[in-house]
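Here is how the chains run, residue by residue.
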Amino acid sequence: MFIKRLSILFTSAVAVLVLSACDNGDGAGRYPGGVEPTATPDPGVTPAPSPEPNSVSMSGVAAKGLILGGVVNVYPIVDGRVGSEALAASVVTEDDGSYSLTIADYDGGPVVVRVTADQDTQMICDLSSGCGNGSSFGDTIALSDSDFKLDAIIPGAEGGTFESVNVSVLTNTAATTALNELAEAQDVSQVNLANLIADANSRVANRFGLLGDLYSIPLIDVTNPANLVGVDSRIIEFAFINTAVVQAILQGNGDFSIAQAANQFVAQYAANGGLADREATDTTAVSLAEILAEVSRILEVVQTAIENDPSVAVDLSQLAVSIRNDRELAEMGSTEPSNGLPSDGNQSDLEKVK
């Protein structure tokens, strides 16, 4: 029994000595100064790399008539509104109306592509009776109006790049429609922005009998008949409608500038919730029938130019008949504005959360 107690005491004494040896006397434990040394990293473990910025490219064409030297910026959608800070440095459109840019760090969200004018901006006149100041169809004119602005709203990029993002009066109409719907939403966080934006684009397209996303439909200069060779008639029709919208507004508002006429159409479309087939009474507002009547006038000018240029083999006679038939149907249609149907025929996300 005595030996067992002695063994226990001896073991305790050894433990005290070991603990004392681990302490440097200042209570800091076994590390001098109380600082634990940094562990040597395992050479076999590779640290996770920092995420690479997602760089995406974007290109397209801007047109009322083709816009030359137009200032192009891209903005994010922030809390249902167009953000104040551009996602990339601004660029200007080339002599064929085209632009290209790169967003260095893109998060994949919806964006607005905005084209404005400065003192150097020009436009190819595509109004059948000219654009004022002695200009004619096909002339290049100054477009330095500070009111000039065209938008296109895009759900987002897929596969690291945007497909063609073209900007026109009709894409501006769809963008304004989408942004107005977002402003009316009680809770933007409950809205699927991509679906709402796609619906706005397809609704406006549908209202004019067009298919696809408006911003993806190519824009061409219809004032040069050679540009129409081999081009699908639906693309040509889209170009005619894009200019006829402004021409129709100017028929009832002769004092408007081109920028004011384009803005007026978008404002009318947004305020009325779409476009009526025809008017019950003659007003300064425009209807689908009036726009299609202006398409026919522009078509006549282009057909005359084709006839005067034997080198151009383009037949627009079927398109002319189709436009005339559509106009006659519209003249017998409704006086109530319609915003068209989305491509899937379903309600927009806004309509679901209102």
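Provided above is the structure to which this section pertains.
Because the structure is a prediction, the values reported are computed rather than measured. (Residues numbered from 1 in each chain as written. Predicted model: local features only at pLDDT ≥ 70, side-chain atom pairs only at ≥ 80, totals over all residues. Heavy atoms only, no water.)

All right, on to the pattern of salt bridges then. Per the stated rule, a full pass over the model turns up seven salt bridges. We note a salt bridge from Arg 114 to Asp 151, for which the minimum N-O separation is 2.8 Å. Placement of the pair is Arg 114 in strand E7 (residues 111-116) and Asp 151 in strand E10 (residues 149-154), with a sequence separation of 37 residues. A salt bridge links Arg 207 to Asp 277; the shortest N-O distance between them is 2.7 Å. Residue Arg 207 is located in helix H3 (residues 193-207), and its partner Asp 277 is located in the loop between helix H5 (258-272) and helix H6 (288-307); the two are separated by 70 residues in the primary sequence. As far as the burial class goes, Arg 207 and Asp 277 line up, both buried. (Salt bridge = Lys/Arg side-chain N within 4 Å of Asp/Glu carboxyl O. Helix = DSSP H or I, 4+ residues; strand = E, 2+ residues; numbered from the N terminus. Buried < 20%, exposed > 50% of the residue type's maximum accessible area, 1.4 Å probe, protein only.)

Paired through their backbone hydrogen bonds, the strands of a sheet run either parallel or antiparallel. Here we have three strands laid out as an open sheet, ordered E2-E8-E9, and antiparallel in their pairing. Taken across any chain shown, the strands that pair with only one partner, and hence form the sheet edges, are strand E2 (67-68) and strand E9 (140-142). As defined by bridge partners, E2 adjoins strand E8 (residues 122-124) across two bridges and the pair is classed as antiparallel. Its bridge partner lying in E8, Leu 68 is registered against Gln 122. (Pairing = 2+ DSSP bridges.)

Attention shifts here to the packing of aromatic side chains. With the rule as written, the count across this model stands at three aromatic pairs. Here Tyr 106 and Phe 162 contribute two aromatic rings whose centre-to-centre distance is 5.4 Å and whose plane-to-plane angle is 55 degrees, an arrangement assigned as tilted. Note that Tyr 106 is positioned in the loop between strand E6 (98-103) and E7 and Phe 162 in the loop between E10 and helix H2 (169-184), a separation of 56 residues in sequence. For the pair Tyr 106 and Phe 162, a shared accessibility class is recorded, and that class is buried. One aromatic cluster is present, formed by Phe 208, Phe 265 and Tyr 269 through successive ring pairs. (Phe/Tyr/Trp six-rings, centres within 6.5 Å; stacked < 30°, edge-to-face > 60°.)

The subject of this paragraph is the environment of Leu 143. Note that Leu 143 resides in the loop between E9 and E10. Separated by 73 residues in sequence, Leu 143 and Gly 70 have C-alpha atoms that sit 8.8 Å apart. In contact with Leu 143, not counting residues within four places along its chain, are Ala 117, Asp 118, Thr 121, Gln 122, Met 123 and Phe 148. (Contact = heavy atoms within 4.5 Å.)

With that settled, consider the layout of surface pockets. Size it by volume and the largest pocket reaches roughly 360 Å³. Along the walls of the largest pocket sit 19 residues, with Phe 208, Gly 209, Leu 210, Glu 237 and Asp 326 positioned nearest its centre. If you list the elements that add at least two residues to the lining of the largest pocket, you get helix H4 (233-252), H6 and helix H7 (317-331). Per element, the largest residue contribution to the lining of the largest pocket is five residues, and it comes from H4. A per-class count over the lining of the largest pocket returns eleven nonpolar, two polar and six charged. Considering only enclosed or pocket space, the second largest pocket measures out at about 200 Å³ in volume. If you go around the second largest pocket, the residues you meet are Cys 131, Gly 132, Asn 133, Ile 141, Ala 142, Leu 143, Ser 144, Asp 145, Ser 257, Ile 258 and Ala 259. Elements with a minimum of two residues in the lining of the second largest pocket: E9 and H5. (1 Å grid on protein atoms, 1.4 Å probe; cavity = no way out; pocket = protein on both sides within 12 Å on 5 of 7 lines; lining within 4 Å. Points joined across faces, edges and corners; volume = space filled by probe spheres on them. Nonpolar A, V, L, I, M, F, W, Y, C, P; charged D, E, K, R; others polar.)

Here we come to the state of the cysteines. Within the structure shown, the criterion is met by one disulfide. Each sulfur of the disulfide joining Cys 125 and Cys 131 lies 2.1 Å from the other. Its S-S torsion of about 95 degrees marks the bond between Cys 125 and Cys 131 as right-handed, since a negative value means left-handed. Exposure remark for Cys 131: the relative accessible area of 16% places this residue in the buried category. (Disulfide = S-S within 2.5 Å.)

The values reported here are purely geometric and, on their own, carry no functional implication.
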